[in-house]
Amino acid sequence: MSRPGTPTATWRVLNLPLEIDEPDSALRERAAARAGVAADEIRGMRIGHKALDARRRGPRRRIRFVVHVDLQLDAEMEARGGAAFAKALRAGRVVARTP
């Protein structure tokens with residue numbers, strides 16, 4: 001858990017799917033899982049990009065949102081984030097972002 005006054009860094013989690021009828025609040029858990037961190041490690045979150053994906057896949061069209069989320073995490077998260085966070089960075093699912 002983070003301490004008050006600890007410096008933070010912003011990390012962008014890319015390409016999170018969100019169904020049309022799903023609330024934006026569902027993104028917090030999904031972004032934490034994709035980034036490989038616990039949800040209680042997130043100090044802040046905002047939607048950085050939200051696009052409607054209406055591509056046809058097979059015989060029917062599946063309409064959903066594709067969202068990029070900015071997470072505020074402790075600045076030392078990259079050093080102490082663990083294997084799951086490091087794997088997400090290497091895979092390009094999470095990228096560093098300057099404020």
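Predicted, not measured: the structure shown is a model, and the values here were computed from it.

(A) Molecular detail of the confidence of the model for the chain. The predicted model of the chain averages 87 in pLDDT, with 94% of residues at 70 or higher. No element of the chain has a lower mean pLDDT than helix 2 (residues 77-80), which averages 74, and none a higher one than strand 2 (residues 44-53), which averages 95.

(B) Region of interest: the pattern of salt bridges. On inspection of all chains with the given rule, the structure shows eight salt bridges. With a closest N to O distance of 3.0 Å, D24 and K50 form a salt bridge. With D24 in the loop between strand 1 (8-19) and helix 1 (27-35) and K50 in strand 2, this pair connects stretches of sequence that are 26 residues apart. Since its relative accessible area comes to 34%, D24 is described here as partly exposed. Of the residues examined, K50 reaches a relative accessible area of 37% and is grouped as partly exposed.

(C) Quick peek at the pairing of strand 1. One ladder, built from ten bridges, connects strand 1 with strand 5 (residues 64-74); its direction is antiparallel. Within strand 5, the residue paired with T10 across the bridge is Q72.

(D) Main features of the nonpolar core. Counting 19 residues, the largest nonpolar core has V13, V37, V69, L71, L73, F85 and V94 as its most contacted members. Those elements that place two or more of their residues in this core are strand 1, helix 1, strand 5 and helix 3 (82-91). Among all residues touching V69, those that are not within four sequence positions of it are W11, R12, V13, L16, L27, A31, M45, R46 and G48.

(E) Representation of the environment of L16 within the structure. Checked against the element boundaries, L16 lands in strand 1. Taking the C-alpha atoms as reference points, L16 and H68, 52 residues apart in sequence, are found 6.3 Å from one another. Dropping the residues within four chain positions of it, L16 is found in contact with L27, R30, A31, R34, F65, V66, V67 and V69.

(F) Geometry of the sheet that holds strand 2. An order of 2-5-1-6 is seen for the four strands of this open sheet, with the pairing classed as antiparallel. Since the sheet does not close on itself, it has two edges, and those belong to strand 2 and strand 6 (94-97), each with one partner. The sheet shows a mean angle of 25 degrees between the axes of neighbouring strands, direction not considered. Of the pairings in the sheet, the one linking strand 2 to strand 5 comprises nine bridges and is antiparallel in character. Bridge pairing in strand 5 links H49 to H68. Sitting on the sheet, helix 1 touches strand 1, strand 2, strand 5 and strand 6, and the angle it makes with strand 1 is about 115 degrees.

Rules used in this analysis
- Residues numbered from 1 in each chain as written.
- Predicted model: local features only at pLDDT ≥ 70, side-chain atom pairs only at ≥ 80, totals over all residues.
- Heavy atoms only, no water.
- pLDDT = per-residue confidence, 0-100.
- Helix = DSSP H or I, 4+ residues; strand = E, 2+ residues; numbered from the N terminus.
- Salt bridge = Lys/Arg side-chain N within 4 Å of Asp/Glu carboxyl O.
- Buried < 20%, exposed > 50% of the residue type's maximum accessible area, 1.4 Å probe, protein only.
- Pairing = 2+ DSSP bridges.
- Core = buried A, V, L, I, M, F, W, Y, C linked by side-chain atoms within 4.5 Å.
- Contact = heavy atoms within 4.5 Å.
- Axes fitted to C-alpha atoms, helices over the stretch in contact; angles between N-to-C directions.

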